[in-house]
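# A look at the structure
Residue strings, one per chain:
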Amino acid sequence: MEGTIEADGVVLSSMPVGEYDRRLLLLTKERGKISAFARGARKPGNPLLAASRPCTFGTYRLYEGRSSYTVQGMTPVRYFEELAQDIVGMTYASYFLELADYYAREGVDGTDMINLLFLTLKALLKEQIDNELIRTIYELRLMGINGEAPQLFVCGTCGKELTAGHYSRIKSSMYCPDCSLTQPGISQLSEGVVYTLQYILTAPLSKLFAFSLAEPVFLQVKKVVQQHLNRYIEKEFHSLAVLDAITT
């Protein structure tokens, strides 16, 4: 049905179209991932100029046509313009947007991913939080939201609850000492590592970036998350390649 709707969301990407327009990829609470045209958004002084930048959060007024959406206006919530002044921070943000794009689906409520993305970008602006810790937290929590988190709470064979134990990188699952004897790719995870992984998956979003880790614990946490991410996601992210180039 044609008509005007409002959608709370964030700009995941923005592509120039024609001489003055932009095609936006929006992640919205109400409609999931959608594309919308912002007419004249590349003209200086156009009110849609700022509204069409990636990382922009707001309430978008959209005309829903038969086959596409058109942006009619936007009430901003946050532009995150500070990130534009920091090439490293902006590259991390671009990767986070790309990963959200990978998981987002049209017609699927995007509330949880939008809230996570908003708090993750806020965390990037805080110098006291390590960017790689932010990245690791975001990756694991995003996989959890989308039902692809590793099994970290109970033994993958007998179902026993675990606070420490053996982890199989091959099966992305924890195992108790007895059951781990028959599992491939096993490594021992300390109680601190297991607690951190479980916390990232279950903590309220408001407390998700309120901790720091000793380096040995962080390196193990990061290793588990990266192994699992590489197992489930085959896509090559352009922004991640850039990030690796400027941070190594």
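Located above this text is the structure these notes cover.
Keep in mind the model is a prediction, meaning the values are calculated, not measured.

Turning our attention to the overall build of the protein. Counting its regular elements, the protein contains seven helices and eight strands. Projected onto its principal axes, the C-alpha positions of the protein cover 65 × 40 × 30 Å. Taking all 248 residues of the protein together, 45% fall into the buried category. In the protein, the proportion of contacts linking residues at least 24 apart, taken out of those at least 6 apart, comes to 58%.

A general trend in soluble globular proteins is that nonpolar side chains are found buried together. If you look at the biggest cluster of nonpolar residues, it comprises 58 residues, and the most contacted ones within it are Phe96, Leu117, Leu121 and Leu197. In terms of residue count, helix α2 (residues 87-103) provides more of this core than any other element does, eight residues in total.

Before going further, it helps to spend a moment on the pattern of salt bridges. Scanning the model with the defined rule gives seven salt bridges in all. A salt bridge links Lys222 to Glu132, with the nearest nitrogen and oxygen atoms 2.7 Å apart. A residue pair is termed long-range when its members are at least 10 positions apart, and Lys222 in helix α6 (residues 215-232) and Glu132 in helix α4 (residues 131-145) qualify at 90 residues. Take Glu132: its relative accessible area is 15%, and that puts it in the buried class. Linked by salt bridges that have partners in common, Glu132, Arg135, Glu139 and Lys222 make up one network.

With that settled, the discussion passes to unusual backbone geometry. Residues other than glycine seldom take positive phi values, yet Cys55 does so here, at roughly 80 degrees. Inspection of the secondary structure puts Cys55 in the loop between α1 (48-51) and β4 (57-64). Residue Cys55 is classed as buried on the basis of its relative accessible area of 1%. A positive phi angle is found at Phe80, which is not glycine, with a value near 55 degrees. Take Phe80: it is sitting in the loop between β5 (69-78) and α2. Of the residues examined, Phe80 reaches a relative accessible area of 2% and is grouped as buried.

Analysis parameters
- Residues numbered from 1 in each chain as written.
- Predicted model: local features only at pLDDT ≥ 70, side-chain atom pairs only at ≥ 80, totals over all residues.
- Heavy atoms only, no water.
- Helix = DSSP H or I, 4+ residues; strand = E, 2+ residues; numbered from the N terminus.
- Buried < 20%, exposed > 50% of the residue type's maximum accessible area, 1.4 Å probe, protein only.
- Contact = heavy atoms within 4.5 Å.
- Core = buried A, V, L, I, M, F, W, Y, C linked by side-chain atoms within 4.5 Å.
- Salt bridge = Lys/Arg side-chain N within 4 Å of Asp/Glu carboxyl O.

Function-wise, these values are silent; they only describe arrangement.
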